[in-house]
Amino acid sequence: MTTTLVPEPKTTTPTSSPQPAGSQPGSEPAERIPAGRGEGDQQVHQPDRSGPPALLVEHVSKRFKVDRRKPPVIAIDDVSLRLERGAIHGILGSNGSGKSTLVRLISGLLTLDAGRVEVFGHDIERDEMAVKRLINRVSVDAAFFKKLSPMENLLFAARLYGIDAKRARREVTEILGRLGIAENRLGRPVEQMSRGMQQKVEIARALLTSPTLLLLDEPTTGLDPRSKLDVQAFIEEVNRTHDATIVLTTHDLAEAERFCSRITILNGGRVVAEDSPEELKRLVADTHAQEPTLEAVFMTFTGRSLDEDVEEEGPEPD
Ligand SMILES: Nc1ncnc2c1ncn2[C@@H]1O[C@H](COP(=O)(O)OP(=O)(O)OP(=O)(O)O)[C@@H](O)[C@H]1O
Ligand SMILES: [Mg+2]
């Protein structure tokens, strides 16, 4: 299965982007993803401020008590966030800064110690079911039935969400196809898939339910350069054409800069900065002027997706 994505060298120079995020006059959400972008060309989906915010996090805190003799770990400390519908909002921070904990709190996997969270005006504690239908989370710790195939896993998820099996089967094939996983891979046990492929299956599972708020916890970490581009293109497309609002945690600053209209930086569970990438860059001296030289080498020498290589190893049992 070939992907439609055109390899694109990252040429963003962090200091040369005078245009604020989403500042194109009267820009509407694009119908299709452009194949490539010019330097400093911001194409962030315009957030919609007419309804309730897609996500409202107010003074949220979370501590973990691991040892009775020691003080608790304060993982999230009085964090507030507001995302308008259609935004892609980045959460950056070093290991242990609280990104995943925040995502788990928003998705209802952890209970709040303090504060409140609303998703499209629904309180996540009082209106749990409504929120569950609006939200989906993708993380590196994906839970699958490893002996079952991607299709079986995804059909199971579809059933939980009350999605018709026929429709689910069609959509799973379509989504995974566009992520570079061919139909003949869908019948094999998940445990035989590489981590990157499993990540794509996880993304497909999240998208199957057409979430309006998508929580992506390091969706591209550990992916090969081609798979990363596939997933990034998909994130962008889901944002643009399916009107999904996205929270994106990442350690890839170029990724955050490219996709996020706003970025929150966590440190020790606290918000230490929040602004558009351009404004954040103005605040600090940039030390991240990297050119993706290894990625360019990878693209030049492979010129195709790793999935295609794996798929060509031999015929697949159905
Ligand atoms: N279930 C838990 N029990 C105890 N402590 C936890 C738990 N989950 C997270 N923590 C602690 O909370 C803090 C924040 O962790 P978290 O996983 O949210 O960080 P992170 O920013 O996602 O890090 P990374 O970049 O490594 O993914 C860390 O000190 C971590 O050890
Ligand atoms: Mg994490």
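Please read all numbers here as calculations on a predicted model, not as lab measurements.

A. Up close: the sheet that holds strand β2 (residues 73-83). The strand order across the open sheet built from four strands is β2-β1-β4-β5, with neighbouring strands paired in antiparallel fashion. Where the open sheet ends on each side, the last strands, each with one partner, are β2 and β5 (122-123). Pairing between strand β4 (residues 114-119) and β5: two bridges, direction antiparallel. Looking across to β5, one finds that Glu118 is bridged to Asp123.

B. How the structure looks around the pairing of strand β9 (residues 262-267). Bridge analysis of strand β3 (residues 88-92) against β9 gives four bridges, and the strand direction is parallel. Across the sheet, His89 pairs through a bridge with Arg262, a residue of β9. The sheet contact formed by β9 and strand β10 (residues 270-275) spans five bridges and is antiparallel. Considered in β10, the bridge of Asn267 is made with Arg270. Here β9 hands over to β10 after two residues, with Gly268 in that stretch at a positive phi of 55 degrees.

C. Just the site of ligand 1, in detail. Contacts to ligand 1 come from Phe64, Val66, Val73, Ala75, Gly93, Asn95, Gly96, Ser97, Gly98, Lys99, Ser100 and Thr101. When contributions to the shell around ligand 1 are tallied by element, the ones reaching two or more residues are β2 and α1 (99-106). Ranked by residues supplied to the shell around ligand 1, first place goes to α1 with three residues. Taken together, the residues of the shell around ligand 1 break down into four nonpolar, seven polar and one charged.

D. Region of interest: α1. Of all eight residues making up α1, seven are buried, and the element is well covered by its neighbours. For α1, the set of buried residues is Lys99, Ser100, Thr101, Leu102, Val103, Leu105 and Ile106. Downstream of α1 by a residue or two, Gly108 has a phi angle that is positive, lying close to 85 degrees.

E. Local environment of the nonpolar core. Counting 64 residues, the largest nonpolar core has Leu55, Ile106, Ala204 and Val247 as its most contacted members. Here this core gets seven residues from one element, more than from any other, and that element is helix α5 (residues 195-208). For Val247, the contacting residues outside a window of four places in its chain are Leu55, Leu83, His89, Ile91, Val103, Ile106, Leu215 and Leu216.

Rules and cut-offs
- Residues numbered from 1 in each chain as written.
- Chains lettered and ligands numbered in written order.
- Predicted model: local features only at pLDDT ≥ 70, side-chain atom pairs only at ≥ 80, totals over all residues.
- Pairing = 2+ DSSP bridges.
- Helix = DSSP H or I, 4+ residues; strand = E, 2+ residues; numbered from the N terminus.
- Near = placed C-beta within 6 Å.
- Nonpolar A, V, L, I, M, F, W, Y, C, P; charged D, E, K, R; others polar.
- Buried ≥ 20, exposed ≤ 12 C-beta atoms within 10 Å, placed from the backbone.
- Core = buried A, V, L, I, M, F, W, Y, C linked by C-beta atoms within 7 Å.
- Contact = placed C-beta atoms within 7 Å.

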